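What the coordinates show
For reference, the chains in residue letters:
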Amino acid sequence: MTGTEATSLRHLPAVASVLATSGAATLVERHGRIATTEAIRSVIDEARDAMRATSSSAPGADELAQRAAARLDAQRPSLRPLFNLTGTVLHTNLGRALLAEAAIEAATAAMRSAVALEYDLDDGARGERDDHLRGLLRELTGAEDATMVNNNAAAVLLCLNTFALDRDAVVSRGELIEIGGAFRMPEIMARAGARMIEVGTTNRTHLADYREAINERTGLVLKVHTSNYRIQGFTAEVGARELAVLADEAGVPLLNDLGSGMLVDLSRYGLAKEPTVREAVEEGAQLVTFSGDKLLGGPQAGFIVGDRALIERINRNPLKRALRVDKLRLAAIEATLQLYRDPDRLAERLPTLRFLARTQAGIEAQAHRLQPAVADRLGKHFVVEVGACRSQVGSGALPLDTLASAALLIRPHGSQTWLEGLAAAMRALPQPVLGRIADGALRLDLRCLTDTDEAPFLASLAQLDIDGLAGTP
Ligand SMILES: *Cc1c(COP(=O)(O)O)cnc(C)c1O
């Protein structure tokens, strides 16, 4: 270290003198003493490194307080809202369904005040969590009884553990699903304490296969909706109706895991049909499980509906307590289910369905409306055009059906690496914008951009430092 460097490093203000500035006082007010001191310490460290590297002179205490302010303001919540323009409506990594306003209001109200979660207001006595939704679920599904847990994975686990602990659970080889990497049916069965008895083959399973496998050790027969894949070609599977009869004869329940169970027929909204919960109940499965945050469009939850005596046994399983749903989500679920009582207005009120039901023409018109502003913003280094694309439902629902949609297609004037730079800069925005890079373009599918999102979306893009993008000249 040279003599002059040592002298100027001596001029670098200490933490205490930066803390004594009026700027720092405001920061302490806003962010607290610990966070402020921490930020000051790190900007001083950075200044020291910079001075060593460039032999520059020491910044003053006020300047350091300003740098600390910039650092503290840049610290944003990790789970902040973003624009999902990936084209996948129910994106598991982006939190799946957006809730209806009624559900948001109900959850907020339940957060602010005490609620009769397990209290019967009529009798002034202890009540049950499930009582709030039992009636609605019976009405909407036709089942005798219903209960809820943390998610559908928990619902399946709980059913298996209740009826097949140390017993056989019989399942077709064609239905041993994996969902999103972490939910694998054989592993869930093992953790539930059930012995998995696989029957049939990958492409063909017959009633006789099940019949031969069922004996006095059987605790449950399992049918799994192959949500995220289809087996096509030379195939055979046994329908739930026949299986329910077989299970009933053996005196064990048939569990039909629907995954993204739907409460209304989607073809009514111009979408391909997914099995409805009511149909699954009518087919005779003694138990039916489905998710709250897939096509149903509510918060994360798992529903189990079916025969009363079986649901009672499930409720007596000590694991139920470990998997139960909190008051926020119960409030949101109740409000979401209420919307299903008026199917005519469902597509207006439920964001998931509203997004899925949007027409390509409508999305294209929106893209043309936004294109000039976006082109204006990015035009120096990128071409912005409107193009057709296809959206996906996501979360394993309707895996083979895509929806005609429209996107802003962004292509670089220069190197392809600019596109990666742009995508990264969009992800780093205070409200990140997520698209998809394919065929040399960054594609922003506008299916999930609501009218009220448009202004904040453009405001977000206005914060991009286009000239400073990694890779651009
Ligand atoms: C999605 C799915 C699950 C898991 O549901 P989560 O709500 O993600 O826990 C289980 N089974 C099937 C058939 C599914 O599609």
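Provided above is the structure to which this section pertains.
A brief structural summary. (Residues numbered from 1 in each chain as written. Predicted model: local features only at pLDDT ≥ 70, side-chain atom pairs only at ≥ 80, totals over all residues. Heavy atoms only, no water.)

Okay, the packing of aromatic side chains next. Each pair of aromatic rings is reported with the distance of its centres and the angle of its planes. Counted according to the given criterion, the structure contains three aromatic pairs. Judged by centre distance (5.8 Å) and plane angle (75 degrees), the rings of F83 and F457 are edge-to-face. With a gap of 374 residues between them, F83 in strand β1 (residues 83–84) and F457 in helix α20 (residues 451–462) connect regions that are remote in the sequence. A residue is classified by how much of its surface remains accessible, and F83, at 2% relative accessible area, is buried. R204 extends its terminal NZ or CZ atom over the ring of F234, reaching a point 3.8 Å from the ring centre. (Phe/Tyr/Trp six-rings, centres within 6.5 Å; stacked < 30°, edge-to-face > 60°. Helix = DSSP H or I, 4+ residues; strand = E, 2+ residues; numbered from the N terminus. Buried < 20%, exposed > 50% of the residue type's maximum accessible area, 1.4 Å probe, protein only. Lys NZ or Arg CZ within 6 Å of the ring centre and 35° of its normal.)

In this section: the side chain of T336. Within the secondary structure, T336 is located in helix α15 (residues 327–339). Each residue touching T336, except ones within four places of it in the same chain, is listed here: A103, L296, G297, G298, P299 and L350. (Contact = heavy atoms within 4.5 Å.)

On to the nonpolar core, then. By size, the foremost hydrophobic cluster in this structure holds 60 residues, and its most contacted members are V288, F290, F303, L337 and Y340. Counting the residues that make up this core, at least three belong to each of domain 2 (83–92 + 354–461) and domain 3 (101–346). Those residues in contact with F290 that sit more than four places away from it in its chain are L137, N152, L258, G259, G261, L263, V277, L296, A301, G302, F303 and V305. By size, the runner-up hydrophobic cluster in this structure holds 30 residues, among which are V156, L160, A169 and I179. (Core = buried A, V, L, I, M, F, W, Y, C linked by side-chain atoms within 4.5 Å. Domains from an automatic or database assignment.)

Another point: the site of the ligand. By nearness alone, 14 residues border the ligand, and A153, S227, D257, S291 and K294 come closest of all. With respect to the ligand, the side chain of N151 contributes an N or O atom lying 3.5 Å from an oxygen atom. In isolation the ligand has 380 Å² of accessible area, and contact with the protein removes 95% of it. Counting residues per element, the ones that place at least two in the shell around the ligand are α8 (152–164) and β10 (254–259). Taken together, the residues that form the shell around the ligand break down as five nonpolar, six polar and three charged. (Near = heavy atom within 4 Å. Polar contact = N/O pair within 3.5 Å; in protein donor to acceptor, adjacent residues only side chain to side chain. Areas by Shrake-Rupley, 256 points an atom, 1.4 Å probe, with all protein chains shown as cover. Nonpolar A, V, L, I, M, F, W, Y, C, P; charged D, E, K, R; others polar.)

What follows concerns the pattern of salt bridges. All told, the structure shown has 27 salt bridges when counted by the stated rule. For the salt bridge of R48 with D45, the shortest nitrogen-to-oxygen distance reads 3.1 Å. Here R48 and its partner D45 are both found in helix α4 (residues 33–54), three residues apart, which amounts to about one turn of the helix. Exposure remark for D45: the relative accessible area of 36% places this residue in the partly exposed category. Through salt bridges with shared partners, a single network forms among E118, R126, R129 and R324. (Salt bridge = Lys/Arg side-chain N within 4 Å of Asp/Glu carboxyl O.)

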